[in-house]
Amino acid sequence: MREQYRSEDFTEKDLAADPMDQFAHWFRQVAAGGALHEPNAMVVSTATPEGRPSSRTVLLKHYDDRGFVFFTNYDSRKGRELTANPYVSLLFPWHPLARQVIVTGTAARVGREETVAYFRTRPHGSQLGAWASEQSTVIGSREELVGRYEELAARYPEGEKVPAPPQWGGFRVVPEAIEFWQGHENRLHDRLRYVREGAHWSVERLCP
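Quick summary incoming for the structure in this document.

Rules behind the numbers
- Residues numbered from 1 in each chain as written.
- Predicted model: local features only at pLDDT ≥ 70, side-chain atom pairs only at ≥ 80, totals over all residues.
- Heavy atoms only, no water.
- Buried < 20%, exposed > 50% of the residue type's maximum accessible area, 1.4 Å probe, protein only.
- Helix = DSSP H or I, 4+ residues; strand = E, 2+ residues; numbered from the N terminus.
- Pairing = 2+ DSSP bridges.
- Arc of directions from axis to C-beta.
- Contact = heavy atoms within 4.5 Å.

Some remarks on the pairing of strand β4 (residues 67–73)
Here comes step 1: Counting buried residues along β4, seven of its seven residues qualify, which places the element largely inside the surrounding structure.
Here comes step 2: Examined bridge by bridge, strand β3 (residues 62–64) and β4 share three bridges and lie antiparallel to one another. Bridging from a neighbouring strand, tyrosine 63 pairs with phenylalanine 68 of β4.
Here comes step 3: Counting the residues that bridge the hairpin from β3 to β4 gives two residues.
Here comes step 4: Here six bridges tie β4 to strand β7 (residues 168–182), and the two strands are oriented antiparallel to one another. By the bridge assignment for β7, phenylalanine 71 is matched with glycine 170.

With respect to helix α2 (residues 77–84)
Here comes step 1: When α2 is considered as a whole, its buried residues turn out to be Lys78, Gly79, Glu81 and Leu82. Projection of α2 onto a plane perpendicular to its axis shows the buried side chains occupying an angular sector of 165 degrees, all on one side.
Here comes step 2: Tucked into the core, α2 has its buried residues touching β1 (41–47), β2 (53–59), β4, β5 (87–94), β6 (99–109) and β7.

Shape descriptors only; they carry no functional weight alone.
Below you can see the structure in the form of structure tokens.
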């Protein structure tokens, strides 16, 4: 199970001055190409204060020069871990293009207004699901979960305004380093990493 990656060289001269501009460039290429079903899917890795890690896939909902935003239940495992230990890693596994983007930084909760504004854009069923699921807690059966959802659906029928749950909201990951990985044949991959130095970014090349 080994593949020879074939792609164009990716060198320092190809990079944007700012890593978020470079991310936007790659993201647009990936999204436009149609090779990935959900190009905004990313692996979020967190750790307890004792250093025990955990990872899961979530969807990126927004990015700009301030960082990367996703939404979750603050009482979930990742929510609790980020509250206790804000250091986080994001991985965008764009394998069909032999590309990865790896972000390391710190996470902080977004403002309540930003959370509510995003919650309003979610499909009605997803809004109800945010209330029905006490994320990461043990539940006896799927029937119990569906029962909670159906009770909420009766209380808030389609078209009814659903309030944003108080325990649900966004995290913004502020990057300290962003690595752009381009696969090549013979495992001679390009790995270019932006590292924050105060208000500026430096770029370093890593051996594959």
